[in-house]
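What the coordinates show
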Amino acid sequence: RKPMPDRHRQWAYCLPYYNHRMRNFVTKYKFALIDNEPDYSDFHPVGYRPNRKQIHRRPYMWVFSIPRYTCQDPLFTSVTHANMNRIYEEIGYQKKMYAEFQESED
């Protein structure tokens, strides 16, 4: 049997692989911890990775500061990335993306 420091070193090799699985499990609960634009990195315009979708309910047993479901949160749609971009475009702070500009002309 190996001594404990050697076992810790051996277990550390699995962390990069385990982190991918943990990230995929946890990213659906981003809205519970991020107040402003929790869906910022969900959509990938080029398509290098699949687009992410957040879950409709809060995480079990450890977040009680938000409503139970996203449909019960009155501010959920007003702080999304798409809504913030729309607000910035209306006031002239940001220009439309080239792909969105082409779609709106057609």
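Cut-offs used in this document
Residues numbered from 1 in each chain as written. Predicted model: local features only at pLDDT ≥ 70, side-chain atom pairs only at ≥ 80, totals over all residues. Heavy atoms only, no water. Salt bridge = Lys/Arg side-chain N within 4 Å of Asp/Glu carboxyl O. Helix = DSSP H or I, 4+ residues; strand = E, 2+ residues; numbered from the N terminus. Buried < 20%, exposed > 50% of the residue type's maximum accessible area, 1.4 Å probe, protein only. Phe/Tyr/Trp six-rings, centres within 6.5 Å; stacked < 30°, edge-to-face > 60°. pLDDT = per-residue confidence, 0-100. Core = buried A, V, L, I, M, F, W, Y, C linked by side-chain atoms within 4.5 Å. Contact = heavy atoms within 4.5 Å. Patch = residues over 30% accessible without salt bridge, like charges linked within 9 Å, V, L, I, M, F, W, Y side chains within 5 Å. Areas by Shrake-Rupley, 256 points an atom, 1.4 Å probe, with all protein chains shown as cover. Polar contact = N/O pair within 3.5 Å; in protein donor to acceptor, adjacent residues only side chain to side chain.

1. Some words on the pattern of salt bridges
On inspection of all chains with the given rule, the structure shows 2 salt bridges. Arg86 is the salt-bridge partner of Glu90, the closest N and O atoms lying 2.7 Å from each other. Placement of both Glu90 and Arg86 in helix H4 (residues 81-91) is noted, with a separation of 4 residues, approximately one turn of the helix. Of the residues examined, Glu90 reaches a relative accessible area of 59% and is grouped as exposed. By relative accessible area, Arg86 is classed as partly exposed at 40%.

2. Describing the packing of aromatic side chains
Centre-to-centre distance and the angle between the planes together describe a pair of aromatic rings. Following the criterion strictly, the structure yields 3 aromatic pairs and no others. For the ring pair Phe25 and Tyr29, a centre distance of 6.3 Å and an interplane angle of 70° mean the geometry is edge-to-face. Ring centres of Phe31 and Phe76 lie 6.0 Å apart, and the angle between their planes is 85°; this geometry places the pair in the edge-to-face category. Taken together, the residues Phe31 in helix H3 (residues 30-33) and Phe76 in the loop between H3 and H4 connect sequence positions 45 residues apart.

3. Quick notes on the confidence of the model for the chain
Atom-level detail of predicted coordinates should not be read off regions where pLDDT is low. With 89% of its residues at a pLDDT of 70 or more, the chain shows a mean pLDDT of 81. Ranking the helices and strands of the chain by mean pLDDT puts H4 first, with 90, and helix H5 (residues 98-105) last, with 58.

4. A few points about the nonpolar core
Of all hydrophobic cores here, the largest spans 6 residues; its members are Tyr29, Phe31, Ala32, Ile55, Val63 and Ile66. When residues no more than four places from it in sequence are discounted, the contact partners of Tyr29 are Ile55, Arg57, Arg58 and Pro59.

5. Concerning a nonpolar patch on the surface
Judged by side-chain polarity, Leu33, Ile34, Tyr60, Met61 and Trp62 come together as a nonpolar surface patch covering roughly 650 Å² of accessible area. On the secondary structure map, Leu33 appears in helix H3. Residue classification places Leu33 among the exposed residues on the basis of a relative accessible area of 56%.

6. Regarding unusual backbone geometry
Positive phi, close to 55°, is recorded for Glu37, a residue that is not glycine. Residue Glu37 is classed as buried on the basis of its relative accessible area of 17%.

7. Quick look at the environment of Ser41
Checked against the element boundaries, Ser41 lands in the loop between H3 and H4. Given the relative accessible area of 30%, Ser41 is considered partly exposed. Placed 14 residues apart in sequence, Ser41 and Thr27 show a C-alpha to C-alpha distance of 9.8 Å. Excluding residues that lie within four positions of it along the chain, Ser41 makes contacts with Lys30, Arg49 and Arg52.

8. Some remarks on the side chain of Gln54
By the secondary structure assignment, Gln54 is in the loop between H3 and H4. Residue classification places Gln54 among the buried positions, given a relative accessible area of 16%. Engagement of the side chain of Gln54 in a polar contact is seen with the backbone oxygen of Pro38, the distance being 3.1 Å. At a separation of 3.0 Å, a polar atom in the side chain of Gln54 contacts the side chain of Asp42. Not counting chain neighbours up to four residues away, the residues in contact with Gln54 comprise Thr27, Lys28, Lys30, Phe31, Pro38, Asp39 and Asp42.

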